[in-house]
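The lines below spell out each chain.
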Amino acid sequence: MPYKRVPQVSRLPMLALIFGALSLPLVACFPFGATSAVAGIVLGILGIRAGDRGQAVAGVVFGVVGIVLQILVWGFFTAMVDAPSPT
């Protein structure tokens, strides 16, 4: 009885989704959220080229949202530090 070959599935889209989604809660930890978001975007773009578009596009979207949130949080904390104290 011959064995059926299982089609090769790229792991890049799944990793893009994981890193992109992980970047959202890691926004509070400055370098980790941005690093995870960039990894999600890069792996998502590579995953789109490899095949499975659904997870790869979701990873890119989560990564972009993570980068935007990271910039907003960084700007907020920078403004709070530079704000004059009320006296």
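Scope of this entry: the structure provided in the associated data block.

What counts and how
- Residues numbered from 1 in each chain as written.
- Predicted model: local features only at pLDDT ≥ 70, side-chain atom pairs only at ≥ 80, totals over all residues.
- Heavy atoms only, no water.
- Helix = DSSP H or I, 4+ residues; strand = E, 2+ residues; numbered from the N terminus.
- Contact = heavy atoms within 4.5 Å.
- Buried < 20%, exposed > 50% of the residue type's maximum accessible area, 1.4 Å probe, protein only.
- Patch = residues over 30% accessible without salt bridge, like charges linked within 9 Å, V, L, I, M, F, W, Y side chains within 5 Å.
- Areas by Shrake-Rupley, 256 points an atom, 1.4 Å probe, with all protein chains shown as cover.
- Salt bridge = Lys/Arg side-chain N within 4 Å of Asp/Glu carboxyl O.
- Polar contact = N/O pair within 3.5 Å; in protein donor to acceptor, adjacent residues only side chain to side chain.
- Expected span 1.5 Å × (residues − 1).

**Describing the environment of F30**
Step number 1: Within the secondary structure, F30 sits in helix 2 (residues 30–50).
Step number 2: Note: C-alpha distance between F30 and I71 (41 residues apart in sequence) is 9.6 Å.
Step number 3: Dropping the residues within four chain positions of it, F30 is found in contact with Q70 and W74.

**So, the side chain of S23**
Step number 1: Along the polypeptide, S23 turns up in helix 1 (residues 12–23).
Step number 2: Of the residues examined, S23 reaches a relative accessible area of 0% and is grouped as buried.
Step number 3: Look past the residues within four positions of S23 in its chain and what remains in contact with it is G33, S36, A37, F62, G63 and G66.

**A short note on a nonpolar patch on the surface**
Step number 1: Residues V57, V61, V64, V65, V68, L69 and L72 make up a contiguous nonpolar surface patch of about 540 Å² in total accessible area.
Step number 2: Looking at the element boundaries, V68 is found in helix 3 (residues 53–82).

**Observations concerning the side chain of Q70**
Step number 1: Looking at the secondary structure, you find Q70 in helix 3.
Step number 2: From its side chain, Q70 meets the backbone nitrogen of A34 in a polar contact 3.5 Å long.
Step number 3: Beyond its immediate stretch of four places on either side in the chain, Q70 contacts L26, V27, F30, G33 and A34.

**Quick look at helix 2**
Step number 1: An ideal rise of 1.5 Å per residue puts 30 Å on 21 residues; helix 2 measures up with 30 Å between its terminal C-alpha atoms.
Step number 2: G33, A34, S36, A37, G40, L43, G44 and G47 are the residues of helix 2 that are buried.
Step number 3: Packing partners of the buried residues in helix 2 comprise helix 1 and helix 3.
Step number 4: Positive phi appears at G51, one or two residues downstream of helix 2, with a value of about 150°.

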